Amino acid sequence: MAQITGSYPDDLDLLIEGAVEAGVFGGKSDALREFVREYFEDHENERIAAAVALYERERITLGDAARLADVDRWTMRDILREHGVELRLGLVDEDDAAYEVEAASELEFDDDDPDDEESHAK
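Not measured: the values here are computed from a predicted model.

A short note on the confidence of the model for the chain
Of all residues in the chain, 84% have pLDDT values of 70 or greater, and the mean over the chain is 86. Ranking the helices and strands of the chain by mean pLDDT puts helix α3 (residues 44-56) first, with 96, and helix α7 (residues 114-121) last, with 53.

Written out as structure tokens, the structure is:
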């Protein structure tokens, strides 16, 4: 888990302290995590922009970008292309390979396609 240090107006600090004292949050860190999580849930474009920026700067993989943007890999590839970001091909590490295997195992193939049977018969 990452840690950040930052500053914000005193009034916000007082509100957060009050919310903690009222039992709304377990602590300041819980409150800040919840605020950031809700922000990105409510702001899809900003979430996608963050994922694109991180991928473009080679900080994350395509799978990570898709997860952060809350889209599948195919949609993320399209988003990156729309933003003019060059795709990096190939597996980066074992985690990336494991993600690819998991994604492939979730693919569904229709083996009972009548058109397919016709093409095999020709």
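A look at the packing of aromatic side chains
Within the structure shown, the criterion is met by two aromatic pairs. Between phenylalanine 25 and phenylalanine 35, the ring centres sit 5.6 Å apart and the planes meet at 80 degrees, which makes this aromatic pair edge-to-face. Taken together, the residues phenylalanine 25 in the loop between α1 (10-21) and α2 (28-42) and phenylalanine 35 in helix α2 connect sequence positions 10 residues apart. Overall, the relative accessible area of 39% leaves phenylalanine 35 in the partly exposed class. Ring centres 5.2 Å apart and planes at 85 degrees place the aromatic pair tyrosine 39 and phenylalanine 40 in the edge-to-face group. In this structure, arginine 88 packs its charged tip against the face of tyrosine 55, placed 3.9 Å from the ring centre.

Regarding the nonpolar core
Counting residues in hydrophobic clusters, the biggest one holds 14 residues, and the most contacted among them are Val52, Tyr55, Ala65, Met76 and Leu80. Secondary structure elements with two or more residues in this core: α3, α4 (62-69) and α5 (73-82). If we ignore the near neighbours within four places in the chain, the residues touching valine 52 are Met76, Ile79, Leu80, His83 and Val85.

Side note on the pattern of salt bridges
In the structure shown here, the tally under the stated rule is seven salt bridges. Close ionic contact of lysine 28 with glutamate 17 constitutes a salt bridge, the shortest N to O distance being 3.4 Å. On the criterion of sequence distance, the pair formed by lysine 28 in helix α2 and glutamate 17 in helix α1 is long-range, its members being 11 residues apart. For glutamate 17, a relative accessible area of 32% corresponds to the partly exposed category. The partner of aspartate 78 in a salt bridge is arginine 81, and the shortest N-O contact between them spans 3.5 Å. Of this pair, aspartate 78 and arginine 81 both sit in helix α5, three residues apart, roughly one helical turn. With relative accessibility at 41%, the residue aspartate 78 sits in the partly exposed group. Because the salt bridges share partners, they merge into one network encompassing Asp13, Glu17 and Lys28.

Calculation notes
- Residues numbered from 1 in each chain as written.
- Predicted model: local features only at pLDDT ≥ 70, side-chain atom pairs only at ≥ 80, totals over all residues.
- Heavy atoms only, no water.
- pLDDT = per-residue confidence, 0-100.
- Helix = DSSP H or I, 4+ residues; strand = E, 2+ residues; numbered from the N terminus.
- Phe/Tyr/Trp six-rings, centres within 6.5 Å; stacked < 30°, edge-to-face > 60°.
- Buried < 20%, exposed > 50% of the residue type's maximum accessible area, 1.4 Å probe, protein only.
- Lys NZ or Arg CZ within 6 Å of the ring centre and 35° of its normal.
- Core = buried A, V, L, I, M, F, W, Y, C linked by side-chain atoms within 4.5 Å.
- Contact = heavy atoms within 4.5 Å.
- Salt bridge = Lys/Arg side-chain N within 4 Å of Asp/Glu carboxyl O.

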